[in-house]
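# Summary of the model geometry
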Amino acid sequence: MPRRWVAALACLAALVALACEGGTGATPRPSGGGAPPAGPGGIAALGDSISTGFASCLVLTSCERNSWSTGDGLRVDSHYRRLLEQNAGIRGRRYNHARPGARADALEGQAQAAVRDRVDYVTVLIGANDICRGGADAMTPVNEYRADIDRGLRVLRTGRPKARVLVVSIPDLYRLWEVGHGDARAARAWRRGICPALLANATSTAPADRARRAAVRDRIDAYNAQLVAACRAYGSRCRHDGGAVHKIRFTLDLVNPLDWFHPNASGQARLAEVTWRPSGLAT
């Protein structure tokens with residue numbers, strides 16, 4: 001074939017290739033990364049006072065700007081703020097349906113609210129009040145706790161089947177007693193009725209008090225095991241934190257100086273940090 005024909009055919013092939021890449025009828029190439037981890041539906045927090053940032057603004061009330069999950073304040077690099085860096089389309093689309101005092105039986109209603117918000121990412125941290133709201137004999141039975149969790153997750157799976165869900169382990173409250181019961185300020189605050197199942201008679205070494213605390217520790221472990229199983233039953237759109245929150249070695253400088261129980265801003269930041277990678281949304 002004459003050399004000029006070879007050159008002409010090469011040029012023609014190059015033009016065809018360019019047309020195929022840029023033409024409107026071409027099949028798009030996969031991007032590799034896919035859609036942003038959390039779409040424009042945004043993020044919702046479900047749970048109790050921990051996720052509302054309670055007492056993290058030095059008053060005994062919710063302070064949602066410091067929430068580890070949905071906070072928009074500068075002191076906590078929350079999941080919302082991290083997602084916003086990845087996808088500006090979720091700006092303002094943060095919904096906090098967690099409520100102080102909520103037990104697991106409130107999760108179903110909170111999940112319904114998240115479905116109405118049409119969110120693409122949901123965090124779940126609940127169970128401390130199933131332990132703390134009352135004496136040891138008032139703790140929610142393990143089977144009831146699991147049923148409450150399942151009902152809430154079922155609402156999410158049905159209403160937002162493509163949303164990502166992060167189920168977070170219950171903090172090690174027993175550890176908090178260990179590091180705090182010898183501090184006069186903490187022991188004095190706990191006498192006001194904070195988590196009496198665990199913290200009543202915080203300095204007592206009586207066998208009955210030691211047995212009560214051990215029962216609380218065991219119940220938290222049982223709840224955490226049920227959270228793992230519930231997330232596994234949910235399916236591939238659910239992630240568990242792998243016990244990351246429960247493994248935090250809490251010290252008193254991570255809780256507020258009013259009730260010596262709820263995380264302060266530093267504690268909230270720590271929660272956000274240890275749960276971010278398990279969420280599967282880190283890039």
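## Observations concerning the pattern of salt bridges
- A full pass over the atoms with the stated rule returns 9 salt bridges.
- In this structure, Arg 185 and Asp 183 form a salt bridge, with 2.8 Å as the shortest nitrogen-oxygen distance.
- The class of Asp 183 is buried, set by a relative accessible area of 16%.

## A look at the environment of Asp 148
- If you trace the backbone, Asp 148 turns up in helix H5 (residues 142-159).
- In this structure Asp 148 comes out as buried when scored by relative accessible area, which is 10%.
- Discounting chain neighbours no more than four positions away, the residues touching Asp 148 are Ala 104, Asp 105 and Leu 107.

## Observations concerning the packing of aromatic side chains
- Inspection of the entire model under this criterion finds 2 aromatic pairs.
- Summarising the aromatic geometry, the rings of Tyr 145 and Tyr 223 are spaced 4.0 Å apart at their centres and angled 15° between planes, so their arrangement reads as stacked. A residue pair is termed long-range when its members are at least 10 positions apart, and Tyr 145 in helix H5 and Tyr 223 in helix H9 (residues 207-234) qualify at 78 residues.
- Taking 5.5 Å as the distance between ring centres and 45° as the angle between the ring planes, the aromatic pair formed by Tyr 174 and Trp 177 counts as tilted. Here the residue Tyr 174 and the residue Trp 177 both occupy positions in helix H6 (residues 173-180), the gap between them amounting to 3 residues, near one helical turn.
- With relative accessibility at 11%, the residue Trp 177 sits in the buried group.
- The side chain of Arg 157 reaches across the aromatic face of Tyr 234, ending 5.4 Å from its centre.
- Arg 217 extends its terminal NZ or CZ atom over the ring of Tyr 174, reaching a point 4.9 Å from the ring centre.

## Thoughts on the confidence of the model for the protein
- The predicted model of the protein has a mean per-residue pLDDT of 89, with 86% of residues at 70 or higher.
- Scored below 50 in pLDDT, residues 1-36 makes 5 contacts in the model with residues more than four places away or belonging to other chains.

## Structural notes on the sheet that holds strand S3 (residues 121-125)
- Strand order across the open sheet formed by 5 strands is S2-S1-S3-S4-S5, with parallel pairing between neighbours. Both edges of this open sheet fall to strand S2 (94-96) and strand S5 (238-240), since each of them pairs with a single strand only. Neighbour to neighbour, the strand axes of the sheet diverge by 15° on average, direction disregarded.
- One ladder, built from 5 bridges, connects strand S1 (residues 43-47) with S3; its direction is parallel. Note on S3: the bridge partner recorded for Ala 45 is Thr 123.

Calculation criteria
Residues numbered from 1 in each chain as written. Predicted model: local features only at pLDDT ≥ 70, side-chain atom pairs only at ≥ 80, totals over all residues. Heavy atoms only, no water. Salt bridge = Lys/Arg side-chain N within 4 Å of Asp/Glu carboxyl O. Buried < 20%, exposed > 50% of the residue type's maximum accessible area, 1.4 Å probe, protein only. Helix = DSSP H or I, 4+ residues; strand = E, 2+ residues; numbered from the N terminus. Contact = heavy atoms within 4.5 Å. Phe/Tyr/Trp six-rings, centres within 6.5 Å; stacked < 30°, edge-to-face > 60°. Lys NZ or Arg CZ within 6 Å of the ring centre and 35° of its normal. pLDDT = per-residue confidence, 0-100. Pairing = 2+ DSSP bridges. Axes fitted to C-alpha atoms, helices over the stretch in contact; angles between N-to-C directions.

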